[in-house]
Amino acid sequence: MSPRRERRWRGPDGPPASPALLVALVLACLSLMTLDAQGGDGSPVESARGAVGEVFGPVEVATATAVRPFTAVPRWFRSRDALEQDMLDLRAENSQLRSDLATEDYNRNRLAEFDGLTAAARSIGSSLVPARVVGMGSSQSFSRTVTIDAGSDAGVSPDQTVVNNDGLVGRVLRVTRTTASVLLIVDADSVVGARVGRSMQVGLLHGRGVLGSDGRLDLELLDQTAMPTEDDAVVTWGSEAGGPYVSGVPVGRVTHVYRSVRESAQRAVIDPYVDFGALDLVGVVVPAGTASDRSVIEADGSLG
Amino acid sequence: MSWIRALVAFAAVSVALVLQVSLFPHLAWHGIVPNLCLLVVVGAALTRGPQFAAVLGFVAGVALDLAPPADHLAGRWALALVIVGYVAGQVRQGGRHDTRLSATTVVATVAASSFVGTSVFALTGVVLGDPVAIPELLQVIAVAMAWDVLLTPIVLPPVMTLFRRLEPSLA
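Residues numbered from 1 in each chain as written. Chains lettered and ligands numbered in written order. Predicted model: local features only at pLDDT ≥ 70, side-chain atom pairs only at ≥ 80, totals over all residues.

**Notes on the overall build of chain B**
From N to C terminus, chain B includes five helices and zero strands. Ordered by position from N to C terminus, the α and β elements of chain B give α-α-α-α-α. Taken over the C-alpha trace, chain B has a radius of gyration of 15 Å; the compact-globule value for 171 residues is 16 Å, and the two agree within 12%. Each principal axis of the C-alpha distribution contributes one length, and for chain B these read about 50 × 30 × 30 Å. (Helix = DSSP H or I, 4+ residues; strand = E, 2+ residues; numbered from the N terminus. Rg over C-alpha atoms; globule rule 2.2 N^0.38 Å.)

**Structural notes on the overall build of chain A**
Secondary structure assignment for chain A yields six helices and twelve strands. Across the 304 residues in chain A, those meeting the buried criterion constitute 39%. For chain A, the proportion of contacts with a sequence separation of at least 24, taken over those separated by at least 6, is 59%. (Buried ≥ 20, exposed ≤ 12 C-beta atoms within 10 Å, placed from the backbone. Contact = placed C-beta atoms within 7 Å.)

**Digging into the interface of chain A and chain B**
Frequently, the measure chosen for interface size is the accessible area that the parts lose on association. Every contact between the two is made by 57 residues of chain A and, on the other side, 53 residues of chain B. Listed by contribution, the elements that provide at least two residues to the side of chain A that touches chain B are helix H1 (3-10), helix H2 (19-38), helix H3 (44-71), strand E1 (127-136), strand E2 (145-148) and strand E5 (180-184) of chain A. For the side of chain A that touches chain B, the element with the most residues is H3 of chain A, which contributes 13 residues. When the residues that make up the side of chain A that touches chain B are grouped by side-chain class, the tally is 31 nonpolar, 19 polar and seven charged. (Nonpolar A, V, L, I, M, F, W, Y, C, P; charged D, E, K, R; others polar.)

**A short note on the packing of helix H1 (residues 2-22) of chain B against helix H2 (residues 36-66) of chain B**
Residue and element names in this part refer to chain B. It is at 9 Å that the axes of H1 and H2 come closest, and there the two elements cross at 55°. In this view, H1 runs oblique relative to H2, as classed from their interaxial angle. Once H1 is placed against H2, the crossing between them reads as right-handed. Residues Ala9, Phe10, Ala12, Val13, Ser14, Ala16, Leu17, Leu19 and Gln20 of H1 form the contact with H2, whose own contacting residues are Leu36, Cys37, Val40, Ala44, Leu56, Val59, Ala60, Ala63 and Leu64. Residue composition of the contact of H1 with H2, by class: 16 nonpolar, two polar and no charged. (Axes fitted to C-alpha atoms, helices over the stretch in contact; angles between N-to-C directions. Parallel < 35°, antiparallel > 145°, perpendicular 65-115°, else oblique. Left-handed = near helix turned anticlockwise from the far one by under 90°.)

**Some thoughts on unusual backbone geometry**
Negative phi characterises most residues that are not glycine, and trans characterises most peptide bonds. With omega at 5°, the peptide bond leading from Pro68 of chain B into Pro69 of chain B counts as cis. As for its position among the elements, Pro69 of chain B is in the loop between H2 and helix H3 (76-94). If you check the backbone angles, Phe142 of chain A has positive phi at about 55° while not being a glycine. Locating Phe142 of chain A in the fold gives a position in the loop between E1 and E2. Even without being a glycine, Asp159 of chain A presents a positive backbone phi close to 70°. Note that Asp159 of chain A resides in the loop between E2 and strand E3 (161-163). Overall, Asp159 of chain A belongs to the partly exposed group, with 13 C-beta atoms counted inside 10 Å.

**Section: the nonpolar core**
Residue and element names in this part refer to chain B. Within the largest apolar cluster, 128 residues are counted, with the highest numbers of intra-cluster contacts made by Val13, Cys37, Val40, Val41 and Leu81. With 22 residues, the top contributor of residues to this core is H2. Residues contacting Val13, with those up to four places away along its chain left out, are Cys37, Val40, Leu56, Val59, Ala60 and Ala63. (Core = buried A, V, L, I, M, F, W, Y, C linked by C-beta atoms within 7 Å.)

**As for the pairing of E2 of chain A**
Residue and element names in this part refer to chain A. Residue alternation in E2 divides its side chains into two sets, Thr145 and Thr147 and Val146 and Ile148, and both sets are buried. Here E1 pairs with E2 via three bridges, running antiparallel. What sits directly across from Gly135, in E2, is Thr147. Sheet topology note: the E2/E5 ladder contains four bridges and is antiparallel. By the bridge assignment, Thr145 is partnered in E5 with Leu183. (Pairing = 2+ DSSP bridges.)

**Topic: the packing of helix H4 (residues 103-127) of chain B against helix H5 (residues 134-165) of chain B**
Residue and element names in this part refer to chain B. Two numbers describe how H4 lies on H5: the axes approach to 9 Å, and their chain directions differ by 145°. Relative to H5, H4 is oriented so that their crossing is right-handed. Residues Val106, Val107, Val110, Ala111, Ser114, Phe115, Thr118, Ser119 and Ala122 of H4 pack against Leu137, Val140, Ile141, Ala144, Met145, Asp148, Val149, Thr152 and Leu156 of H5. Across the contact of H4 with H5, the residue classes break down as 13 nonpolar, four polar and one charged.

**Observations concerning the sheet that holds strand E4 (residues 168-175) of chain A**
All names here are of chain A. Spatially, the six strands close up into a barrel ordered E1-E2-E5-E4-E3-E12, and their pairing is antiparallel. Going across the sheet, the axis of each strand differs from the next one's by a mean of 45°, ignoring polarity. In this structure, E1 lies alongside strand E12 (residues 281-286), joined through six bridges in antiparallel fashion. Paired with Ala131 across the bridge in E12 is Val282.

**Things to note about H4 of chain B**
All names here are of chain B. For H4, with 25 residues, the first-to-last C-alpha span of 36 Å sits near the 36 Å given by 1.5 Å per residue. For H4, the complete set of buried residues consists of Val106, Thr109, Val110, Ser113, Ser114, Val116, Gly117, Thr118, Phe121, Ala122, Thr124 and Gly125. Of the residues one or two after H4, Gly129 is the one with positive phi, at around 85°. (Expected span 1.5 Å × (residues − 1).)

Interpretation note: all reported values are geometric properties and have no functional meaning in isolation.
So this is what it looks like as structure tokens:
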């Protein structure tokens, strides 16, 4: 575009606002929404998502790695003394527990980092691909999703369960080569089949779309007469095929129970074990023997 | 060299997007982070007018809609930021473009844009049947506005300088 033409185009009082351009852009947005709403997995928007993810995923991983040392600083100051004592105790305990497991120094070092996940892998009884959270969707988008730094290269595929050492985190929505998007169970669109541990009643867990201390889940029990009690533990129910959620992963505990007369179902409020505001190290549940670009934590606690 | 301008503008949006997704969640309040992409679009609108800002808003919005971990319907942020770019551009349109805007005008524009942007996004969600409660929605809009205004003195001056430099004929 030549400078002369550009000046004429803008005019002496700034560029004239063109309604035609605005209309065109708004229409483009609307058709994008329609395309995304209509198309399934094969839609052009989904492939565009994949392409953008391949580009932005590694950048997010790099940024998160760069800022990680700084984000840990306040925590370090706050709890250094307490941690030091805890660490001494835990180290003594851990070395005893691990003595039969860790055969090499190398393995022992790696195990130390993934100690919590190792315990999780053991209790769930399946293999975990370790990953770190490198990006979080903002609340302004009203959806609770995070990016993790493990993708299809690490053996992760859509609809796999994501856990951390406290309990259930969510499920994988889509993967790129190096990253994956995870839908958290607190998202308002998330539905998890759940079972109250003590009474074995089944129900559906709905997220509220809120993070932080109000981050609760609503449990709707299928049995109208069943009544969960407070402090009951809730675990995932899981399907036969194991997807999207594997069974028996701890989710949270019951804090309130409501009996609704109008609706024909019991409703209970669940406080999740996982702190969704401070997610970092997570594990993706993968089938045993999955080929991965990193060491997979096997169900017996060893590194594969 | 219009393609260099386009490239620099796109780079500014990309940096904003990555910081918004990977750095600011560590400082977030209830997951609400400053909307840096919106600030870049407002900066562009205040220096280069509604045409450019609406197009940049579309690009930034599509990036926000598609980059991981986004999972909402694509096009929603694009629509919100197109409107923000266009509306914020009207502020510059009103005054003469060679006079610098006062700080109060910039902050007021950012606050209004943040309100409009987040509201448009939320409203498209309501229209499309997203299960979001209205009180929570208002709270998110208010906090997001506070964040955006808070970051205005840090983000807007360099962004506006950048876009002014890209436009030597109007400097």
